[in-house]
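Here is how the chains run, residue by residue.
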Amino acid sequence: MALVPCQVLRVAILLSYCSILCNYKAIEMPSHQTYGGSWKFLTFIDLVIQAVFFGICVLTDLSSLLTRGSGNQEQERQLKKLISLRDWMLAVLAFPVGVFVVAVFWIIYAYDREMIYPKLLDNFIPGWLNHGMHTTVLPFILIEMRTSHHQYPSRSSGLTAICTFSVGYILWVCWVHHVTGMWVYPFLEHIGPGARIIFFGSTTILMNFLYLLGEVLNNYIWDTHRSMEEEKEKPKLE
């Protein structure tokens, strides 16, 4: 039996994301007042994705609790749709985008923080909030993946969806630059057009890889889980 029920964990994670979003939006930073506001940053978009995803998880848990034993076929159909939406969001958005934000942020930060998170931001964003945006996303999504089995969509449709998201965000970043004359991320100012094309192409490939990684990890976790359950059942059958 789990020390903390997964339903309680999801509520706690959802509340933490709501707190992070509220604190982040309350910060008066110059970049929030420019074209695109917070929505030009992938970190903020990811926070919204994670909050919506865990909101759907909590809603699914509540619906499951209310539907259990009711025998209402319409309610059961609606619950299945909700579960399908939850699984789709984890596979296509929550896992690949969340892991991408954490990995790319800290890799670039370790190389040269001024390229992605200038020291000036320390005057606006406290350390705990920075980690809430760029660190805890990873353990939270891994906890969700470990506590509940998620049915991945077909690989072709999943990869098409994550490619669409990636290309859409890249076009959005380019549009912001077209309107304002400034790149969303400082390091893009210091590389040439060819290097930017390579970078944008690489990020799309990485997103696809992270989608596949999530699929493999999900299958590994639950195949291992099933094997352990079968091992536990063997003595009882003998």
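Just so it is clear, the model here is predicted, and its values are computed rather than measured.

This part covers the side chain of asparagine 218. Mapped onto the elements, asparagine 218 comes out in helix H8 (residues 193–237). A polar atom in the side chain of asparagine 218 sits 2.8 Å from the backbone oxygen of histidine 150. Beyond its immediate sequence surroundings of up to four residues, asparagine 218 is in contact with Met145, His149, His150 and Tyr152.

One way to put it is that helix H4 (residues 73–112) packs onto helix H5 (residues 127–134) with a least axis distance of 9 Å and a crossing angle of 125°. The pairing of H4 with H5 is recorded here as oblique in orientation. The residues of H5 that touch H4, namely those facing Val101, Val102, Phe105 and Trp106, are Asn130, His131, Met133 and His134. Among the residues forming the contact of H4 with H5, the class breakdown is 5 nonpolar, 3 polar and no charged.

Attention shifts here to the side chain of serine 38. Note that serine 38 resides in the loop between helix H2 (30–33) and helix H3 (42–67). Judged by relative accessible area, serine 38 falls into the buried class, the value being 2%. If near-sequence neighbours (up to four positions away) are discounted, serine 38 is found in contact with Tyr24, Lys25, His32 and Phe44.

Bringing the layout of surface pockets into the picture now. The computed volume of the largest pocket comes to approximately 980 Å³. Those elements that provide at least two residues to the lining of the largest pocket are H2, H3, H4, H5, helix H7 (155–180) and H8. Top element by residues in the lining of the largest pocket is H7. It accounts for 7 residues. A per-class count over the lining of the largest pocket returns 34 nonpolar, 8 polar and 2 charged. Sorting the residues of the lining of the second largest pocket by element identifies helix H1 (6–26), H3 and H4 as the ones contributing at least two each.

What counts, and at which threshold
- Residues numbered from 1 in each chain as written.
- Predicted model: local features only at pLDDT ≥ 70, side-chain atom pairs only at ≥ 80, totals over all residues.
- Heavy atoms only, no water.
- Helix = DSSP H or I, 4+ residues; strand = E, 2+ residues; numbered from the N terminus.
- Polar contact = N/O pair within 3.5 Å; in protein donor to acceptor, adjacent residues only side chain to side chain.
- Contact = heavy atoms within 4.5 Å.
- Axes fitted to C-alpha atoms, helices over the stretch in contact; angles between N-to-C directions.
- Parallel < 35°, antiparallel > 145°, perpendicular 65-115°, else oblique.
- Nonpolar A, V, L, I, M, F, W, Y, C, P; charged D, E, K, R; others polar.
- Buried < 20%, exposed > 50% of the residue type's maximum accessible area, 1.4 Å probe, protein only.
- 1 Å grid on protein atoms, 1.4 Å probe; cavity = no way out; pocket = protein on both sides within 12 Å on 5 of 7 lines; lining within 4 Å.
- Points joined across faces, edges and corners; volume = space filled by probe spheres on them.

Everything listed here is a matter of coordinates, which is why it stays silent on function.
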